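# Architecture at a glance
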Amino acid sequence: MTDTDKSLSDMVHLEDLFAAARSEPAQLPQALQAAMLADAQQVQQDRAKAMVPGGSKMGLHPQKLPARLWQQFTSAVGGWPALGGLAVASLCGLWIGLAPPSFLPDPVASFASYSSGSQLVSDLDYDVSFLMSDEVFE
């Protein structure tokens, strides 16, 4: 038997297994279904306890809302270590923006060149050499 014959017979056998699996629908075990329903009921009860008796728009106690938002933001970012890294990166970016190193362009100097108009002409896709040639001949 060659390798191609063996692979073809394996494919037919595999197709028979897939056909048998498709003929029997998958059933969720009763114990797992009961555990899932009990957990869902517990979550619903916990949420009902958190509701304000008068019923506010958010459904949460107004005193707990900022604390919950901060906790959600902290967990979404990645916790306190990630917030520390975010704060350090923000401060470094601010410092580099205010006092750039010598190898980076100075934002104040680039703003001055934009306000003088010389850089603005080249950014508007004008051919600077053409404009200069007109100025030379006048």
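The following refers to the structure shown.

Calculation criteria
Residues numbered from 1 in each chain as written. Predicted model: local features only at pLDDT ≥ 70, side-chain atom pairs only at ≥ 80, totals over all residues. Heavy atoms only, no water. Helix = DSSP H or I, 4+ residues; strand = E, 2+ residues; numbered from the N terminus. Buried < 20%, exposed > 50% of the residue type's maximum accessible area, 1.4 Å probe, protein only. Areas by Shrake-Rupley, 256 points an atom, 1.4 Å probe, with all protein chains shown as cover. Polar contact = N/O pair within 3.5 Å; in protein donor to acceptor, adjacent residues only side chain to side chain. Salt bridge = Lys/Arg side-chain N within 4 Å of Asp/Glu carboxyl O. Contact = heavy atoms within 4.5 Å. Phe/Tyr/Trp six-rings, centres within 6.5 Å; stacked < 30°, edge-to-face > 60°. Patch = residues over 30% accessible without salt bridge, like charges linked within 9 Å, V, L, I, M, F, W, Y side chains within 5 Å.

## Quick notes on the overall build of the chain
If you tally the helices and strands in the chain, you get seven helices and zero strands. Counting from the amino terminus, helix and strand elements in the chain follow one another as α-α-α-α-α-α-α. Counting every position in the chain, which comprises 138 residues, the buried fraction comes to 4%. Within the structure as shown, the chain displays about 12100 Å² of accessible surface, and the carbon and sulfur contribution to it stands at 66%.

## Quick word on the environment of Arg22
You can see Arg22 is positioned in helix α1 (residues 3-23). Under the relative-accessibility criterion, Arg22 is labelled exposed at 58%. Reaching out from Arg22, the side chain makes a polar contact with the side chain of Glu15 at a distance of 3.1 Å.

## Describing the pattern of salt bridges
Counted under the stated rule, the structure contains one salt bridge. Salt-bridge contacts for Glu15 lead to Arg22; the nearest nitrogen and oxygen are separated by 3.1 Å.

## Here's the deal with the side chain of Thr74
Summarising the element assignment, Thr74 is placed in helix α3 (residues 65-77). On the accessibility criterion, Thr74 (8% relative accessible area) is buried. When residues no more than four places from it in sequence are discounted, the contact partners of Thr74 are Gly79, Trp80 and Leu83.

## A look at the packing of aromatic side chains
On inspection of all chains with the given rule, the structure shows two aromatic pairs. With a centroid separation of 5.8 Å and 35 degrees between ring planes, the pair formed by Trp70 and Phe73 is classed as tilted. Within this pair, Trp70 and its partner Phe73 are both found in helix α3, separated by three residues, close to a single helical turn. A residue is classified by how much of its surface remains accessible, and Trp70, at 43% relative accessible area, is partly exposed. Phe73 gets classed as partly exposed once you look at its relative accessible area, which sits at 39%. Judged by centre distance (6.1 Å) and plane angle (55 degrees), the rings of Trp70 and Trp80 are tilted. In this pair, Trp70 sits in helix α3 while Trp80 sits in helix α4 (residues 80-98), placing the two residues ten residues apart along the sequence. Overall, the relative accessible area of 58% leaves Trp80 in the exposed class. Following the ring pairs from residue to residue traces out a cluster consisting of Trp70, Phe73 and Trp80.

## Considering a nonpolar patch on the surface
Taken together, the side chains of Trp70, Phe73, Val77, Trp80 and Leu86 make up a nonpolar region of the molecular surface, amounting to roughly 520 Å² of accessible area. Breaking the nonpolar patch down by element, the ones donating at least two residues are α3 and α4. Top element by residues in the nonpolar patch is α3. It accounts for three residues.

Remember that the coordinates give geometry; whether it matters functionally is a separate question.
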